[in-house]
Amino acid sequence: MSDSFFASDLFRFGSILFGIAVSSWVIIARLNEQTPGKSFEAIAMVTFGITGFASITAFVMHFFFADMVANSIGWPPGSPFQKEVAGANLAVGLLGFLGFWRRDFWLPYVISKTAFLWIAGITHVVDLLDHQNLAPGNAGLTLYMDFIWPVVFMLLLWLTTRYGNAAPPGLVYRTPQL
């Protein structure tokens, strides 16, 4: 296996999915009350927390390794917009990561992450069509995940609402009740 595999989208997304699956399984196995609601809440908490952390790592990559990321996307290096993308990744990532402890951050995370990913996905599609940019970071797995993750996030929110405890009203603090 080459070194490039460990920098690939497949490795990155595979690691995230593996982390979500294992963490969810461990938490669900230790629940005192094993109900669908509690299970979906555990999966949502882990998914939002881990994907939030992944957005924080995307901040690090776009901010400190901007030229390398630009090359992987097929865009010219040296653009100050990389720093802006880094800032957006950090803000969204913090909402998701804090979802480990704050359920009332879940909806803002899903809204902001969905908007960010759909705009990114549309941008990748336009670049693919207009400039035939087939770079792995533009037309690879990232492109598909820009549209798949928001659907997964919305499904998890719906499942936790449908089968779990009601979300906290307003800004009332409530940790996930596992």
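Now for a description of the structure that goes with this document.

1. Focus: the nonpolar core
Then comes step 1: Ranked by internal contacts, the top residues of the largest apolar core, which has 19 residues, are F48, W149 and F153.
Then comes step 2: Sorting elements by how many residues they give to this core places helix 2 (residues 36–64) first, with 6 residues.

2. A few points about the pattern of salt bridges
Charged atoms that come close allow side chains of opposite charge to pair.
Then comes step 1: Per the stated rule, a full pass over the model turns up 2 salt bridges.
Then comes step 2: A salt bridge links E41 to R103; its shortest N-O distance comes to 3.5 Å. With E41 in helix 2 and R103 in the loop between helix 4 (81–98) and helix 5 (106–131), the pair connects residues that are 62 residues apart, well separated along the chain. Per residue, the accessibility class of E41 equals that of R103, and both read buried.

3. Some words on the layout of surface pockets
Then comes step 1: Here the largest pocket defines a volume of roughly 1,400 Å³.
Then comes step 2: Taken together, 43 residues make up the lining of the largest pocket; nearest its centre are R12, A58, H62, V69 and T142.
Then comes step 3: Counting only elements with at least two residues in the lining of the largest pocket, the list comes to helix 1 (9–29), helix 2, helix 3 (66–73), helix 4, helix 5, helix 6 (136–139) and helix 7 (141–163).
Then comes step 4: For the lining of the largest pocket, the element with the highest residue contribution is helix 2, accounting for 9 residues.
Then comes step 5: Looking at the lining of the largest pocket residue by residue, the classes come out as 25 nonpolar, 14 polar and 4 charged.

4. Structural notes on the packing of aromatic side chains
Then comes step 1: By the definition in use, this model includes 13 aromatic pairs.
Then comes step 2: Aromatic side chains F59 and F64 sit 6.3 Å apart centroid to centroid with 75 degrees between the ring planes, which places their arrangement in the edge-to-face category.
Then comes step 3: Measuring from ring centre to ring centre gives 5.3 Å for F97 and W101, while their planes differ by 75 degrees; the resulting arrangement is edge-to-face.
Then comes step 4: When its relative accessible area of 46% is taken as the criterion, W101 is described as partly exposed.
Then comes step 5: A connected cluster of aromatic rings, assembled from ring pairs, spans F48, W106, Y109, W149 and F153.
Then comes step 6: Stacked on the ring of F63, the Lys or Arg K83 has its end atom at 4.6 Å from the ring centre.
Then comes step 7: Sitting over the face of the ring of Y163, R162 holds its NZ or CZ atom 5.0 Å from the ring centroid.

5. Let's talk about a nonpolar patch on the surface
Then comes step 1: Taken together, W118, I122, V126, F147, V151 and M154 make up a surface patch of nonpolar side chains, about 500 Å² in accessible area.
Then comes step 2: Mapped onto the nonpolar patch, the elements with two or more residues apiece are helix 5 and helix 7.
Then comes step 3: Within the secondary structure, W118 is located in helix 5.

6. Here's the deal with the packing of helix 1 against helix 7
When two helices pack together, their arrangement is given by the angle between the helix axes and by the axis-to-axis distance.
Then comes step 1: Interhelical geometry of helix 1 versus helix 7 gives an angle of 35 degrees and a closest axis separation of 9 Å. In the crossing of helix 1 with helix 7, the sense of the turn from one axis to the other is left-handed. Where helix 1 approaches helix 7, its residues D9, L10, R12, F13, I16, L17 and I20 are matched on the opposing element by L141, T142, M145 and W149.
Then comes step 2: Taken together, the residues of the contact of helix 1 with helix 7 sort by class into 8 nonpolar, 1 polar and 2 charged.

Criteria and cut-off values
- Residues numbered from 1 in each chain as written.
- Predicted model: local features only at pLDDT ≥ 70, side-chain atom pairs only at ≥ 80, totals over all residues.
- Heavy atoms only, no water.
- Core = buried A, V, L, I, M, F, W, Y, C linked by side-chain atoms within 4.5 Å.
- Buried < 20%, exposed > 50% of the residue type's maximum accessible area, 1.4 Å probe, protein only.
- Helix = DSSP H or I, 4+ residues; strand = E, 2+ residues; numbered from the N terminus.
- Salt bridge = Lys/Arg side-chain N within 4 Å of Asp/Glu carboxyl O.
- 1 Å grid on protein atoms, 1.4 Å probe; cavity = no way out; pocket = protein on both sides within 12 Å on 5 of 7 lines; lining within 4 Å.
- Points joined across faces, edges and corners; volume = space filled by probe spheres on them.
- Nonpolar A, V, L, I, M, F, W, Y, C, P; charged D, E, K, R; others polar.
- Phe/Tyr/Trp six-rings, centres within 6.5 Å; stacked < 30°, edge-to-face > 60°.
- Lys NZ or Arg CZ within 6 Å of the ring centre and 35° of its normal.
- Patch = residues over 30% accessible without salt bridge, like charges linked within 9 Å, V, L, I, M, F, W, Y side chains within 5 Å.
- Areas by Shrake-Rupley, 256 points an atom, 1.4 Å probe, with all protein chains shown as cover.
- Axes fitted to C-alpha atoms, helices over the stretch in contact; angles between N-to-C directions.
- Left-handed = near helix turned anticlockwise from the far one by under 90°.
- Contact = heavy atoms within 4.5 Å.

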